[in-house]
Amino acid sequence: MAQTPNPPAYVLFYCETPAESGGATPIVLSDAAAAFLMDEWPDFAKDLMREGVRYHRAMPENTDASSALGRSWKSAFNVSNREDAEIFLQSS
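Here the structure is a predicted model, which is why all the values come from computation and not from measurement.

With that out of the way, let us pick up the overall build of the protein chain. Helices and strands together make up the secondary structure of the protein chain, namely 4 helices and 0 strands. For 92 residues, the compact-globule estimate of 2.2 N^0.38 gives 12 Å, and the protein chain exceeds it by more than 25% at 18 Å. By principal-axis analysis of the C-alpha atoms, the protein chain measures approximately 45 × 45 × 20 Å. Counting across all 92 residues of the protein chain, residues that qualify as buried make up 12%. Excluding contacts between residues fewer than 6 apart, the proportion of contacts in the protein chain whose partners are at least 24 apart in sequence is 18%. When the accessible area of the protein chain is evaluated, it comes to approximately 8,300 Å², of which 55% is carbon and sulfur surface. Charge centroids of the protein chain, computed over 7 positive and 13 negative side chains, lie 8 Å from each other.

To continue, consider the environment of Pro7. The residue Pro7 is located in the segment before α1 (30-40) in this model. Taking relative accessible area as the criterion, Pro7 reaches 56% and is therefore assigned exposed. In this structure, the C-alpha to C-alpha distance between Pro7 and Ala35, residues 28 residues apart in sequence, is 26 Å.

Looking now at the packing of aromatic side chains. One pair of aromatic rings is described through two measures. These are the centre distance and the angle between the planes. Here the structure, examined in full by the defined rule, presents 2 aromatic pairs. Aromatic side chains Phe36 and Trp41 sit 5.8 Å apart centroid to centroid with 80° between the ring planes, which places their arrangement in the edge-to-face category. For Phe36, a relative accessible area of 46% translates into the label partly exposed. With relative accessibility at 48%, the residue Trp41 sits in the partly exposed group.

The next thing to look at is the side chain of Ser72. With respect to the secondary-structure elements, Ser72 resides in the loop between α2 (42-51) and α3 (73-77). By relative accessible area, which is 3% here, Ser72 ends up buried. Ignoring any residue separated from it by four or fewer positions in sequence, one finds Ser72 in contact with Met59, Pro60, Glu61, Asn62 and Thr63.

Following the criterion strictly, the structure yields 4 salt bridges and no others. Residue Arg50 is joined to Asp47 by a salt bridge in which the shortest nitrogen-to-oxygen separation is 3.0 Å. Residue Arg50 and its partner Asp47 are both found in helix α2; the two are separated by 3 residues, about one turn of the helix. The exposure class of Arg50 is exposed, given its relative accessible area of 58%. Glu61 is paired through a salt bridge with Arg82; the nearest N and O atoms lie 4.0 Å apart. In this pair, Glu61 sits in the loop between α2 and α3 while Arg82 sits in helix α4 (residues 82-91), placing the two residues 21 residues apart along the sequence.

Thresholds applied
Residues numbered from 1 in each chain as written. Predicted model: local features only at pLDDT ≥ 70, side-chain atom pairs only at ≥ 80, totals over all residues. Heavy atoms only, no water. Helix = DSSP H or I, 4+ residues; strand = E, 2+ residues; numbered from the N terminus. Rg over C-alpha atoms; globule rule 2.2 N^0.38 Å. Buried < 20%, exposed > 50% of the residue type's maximum accessible area, 1.4 Å probe, protein only. Contact = heavy atoms within 4.5 Å. Areas by Shrake-Rupley, 256 points an atom, 1.4 Å probe, with all protein chains shown as cover. Lys, Arg positive; Asp, Glu negative; His and termini not counted. Charge placed at Lys NZ, Arg CZ, Asp CG, Glu CD. Phe/Tyr/Trp six-rings, centres within 6.5 Å; stacked < 30°, edge-to-face > 60°. Salt bridge = Lys/Arg side-chain N within 4 Å of Asp/Glu carboxyl O.

Structural data, given as structure tokens:
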């Protein structure tokens, strides 16, 4: 969903063959996850708050609907070259 320019209003799930046990699909609100982290591992949560978190996102140069990577960085950032993409990312 992060690479979808117009995310859907609804997300549906379908299971043709249910798991014999477990099988849950987790969807979590980030504030609930943060509260859980602070309750269960407060020292680690404080380290994260102090040091910050860095995300690495792999995106192809060209959009490929057949790939799991999908949308290109050109489309996602509305740029046509790497230099403009870097400027966009540094200003975000």
